[in-house]
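# Residue-level structure breakdown
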Amino acid sequence: MMGDGVKLRAGVAADEAEIKGLIKEYGLNPLGLDWRRFLVAVDGAGNFVGCGQLKPHGDGSLELASLAVVRAWREKGVGRLLMEGLMRRGERPWPPPTPQPDPRHRPTNPLH
């Protein structure tokens, strides 16, 4: 069963130590770990089992980052649940649509 009863919720201040600990354990980039941007996975008892965040960039894009799952919960679909939840949270279609060229645009000098 995918996720085995795991639920997703918004990160809260009390998650900060677990988020930072898991990110450190996996050797992921420790910069920009703001718990307010995180989605957290918890088991049926409310125990932290994974996390991920949407990190905003100056150009308006969002980076799916800091995705990590507690070792005992790996291979159970938790990462996939987090990814899907983060994509929904970003309100962007996945995969993103492929940009289509404007048929009215023709390069004036394709060599320069």
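What this report covers is the structure whose coordinates are included nearby. Source: prediction; values computed, not measured.

## Describing the overall build of the chain
- Broken down by element type, the chain carries two helices and four strands.
- A buried classification covers 31% of the 112 residues belonging to the chain.
- Across the chain, every contact between residues at least 6 apart in sequence was considered, and the portion connecting residues at least 24 apart equals 56%.
- By element, 56% of the accessible surface of the chain is carried by carbon and sulfur atoms, the whole surface being about 7700 Å².

## Considerations on the side chain of aspartate 15
- By the element assignment, aspartate 15 lies in the loop between strand E1 (7-10) and helix H1 (16-25).
- Take aspartate 15: its relative accessible area is 3%, and that puts it in the buried class.
- Among all residues touching aspartate 15, those that are not within four sequence positions of it are Arg9, Ala10 and Val40.

## Details of the packing of aromatic side chains
- Inspection of the entire model under this criterion finds zero aromatic pairs.
- Over the ring of tryptophan 73 we find lysine 76; its NZ or CZ atom is 5.2 Å from the centre of that ring.

## Digging into the pairing of strand E4 (residues 62-69)
- Inspection of the sheet shows strand E3 (residues 48-56) paired to E4 by six bridges, in the antiparallel sense. Paired with cysteine 51 across the strands is alanine 68, a residue of E4.
- The hairpin turn running from E3 into E4, its antiparallel successor, is five residues long, and glycine 60 in that turn takes a positive phi close to 95°.

## Points about the nonpolar core
- One finds Val6, Leu39, Ala41, Val49, Leu54, Val69, Trp73, Val78, Leu81, Leu82 and Leu86 forming the largest nonpolar core, which totals 11 residues.
- Those elements giving two or more residues to this core turn out to be strand E2 (38-42), E3 and helix H2 (78-89).
- Broken down by element, this core gets its largest block of residues, four residues, from H2.
- Those residues in contact with leucine 39 that lie beyond four places of it in its chain are Leu8, Arg9, Ala10, Gly50, Cys51, Gly52, Leu82, Gly85, Leu86 and Arg89.
- Ile19, Ile23, Val40 and Ala68 belong to the second-largest nonpolar core, a separate cluster that totals 10 residues.

## Points about the sheet that holds E4
- The sheet built from four strands is open, its strands ordered E1-E2-E3-E4 with antiparallel pairing. For this open sheet the edge positions go to E1 and E4, each flanked by a neighbour on one side alone. Direction aside, neighbouring strands of the sheet carry axes that sit 20° apart on average.
- The pairing of E2 with E3 spans five bridges and is classified as antiparallel. Counterpart to valine 42 in the pairing with E3 is phenylalanine 48.

## Considering H1
- For H1, the full list of buried residues reads Ile19, Leu22 and Ile23. Burial along H1 is one-sided: seen end-on, the buried residues are contained in an arc of 100°. In H1, the exposed residues that point more than 90 degrees away from the buried face are Ala17 and Lys24.
- Buried residues along H1 sit against E2, E3 and E4.
- Downstream of H1 by one or two residues, glycine 27 has phi in the positive range, about 70°.

Cut-offs applied
- Residues numbered from 1 in each chain as written.
- Predicted model: local features only at pLDDT ≥ 70, side-chain atom pairs only at ≥ 80, totals over all residues.
- Heavy atoms only, no water.
- Helix = DSSP H or I, 4+ residues; strand = E, 2+ residues; numbered from the N terminus.
- Buried < 20%, exposed > 50% of the residue type's maximum accessible area, 1.4 Å probe, protein only.
- Contact = heavy atoms within 4.5 Å.
- Areas by Shrake-Rupley, 256 points an atom, 1.4 Å probe, with all protein chains shown as cover.
- Phe/Tyr/Trp six-rings, centres within 6.5 Å; stacked < 30°, edge-to-face > 60°.
- Lys NZ or Arg CZ within 6 Å of the ring centre and 35° of its normal.
- Pairing = 2+ DSSP bridges.
- Core = buried A, V, L, I, M, F, W, Y, C linked by side-chain atoms within 4.5 Å.
- Axes fitted to C-alpha atoms, helices over the stretch in contact; angles between N-to-C directions.
- Arc of directions from axis to C-beta.

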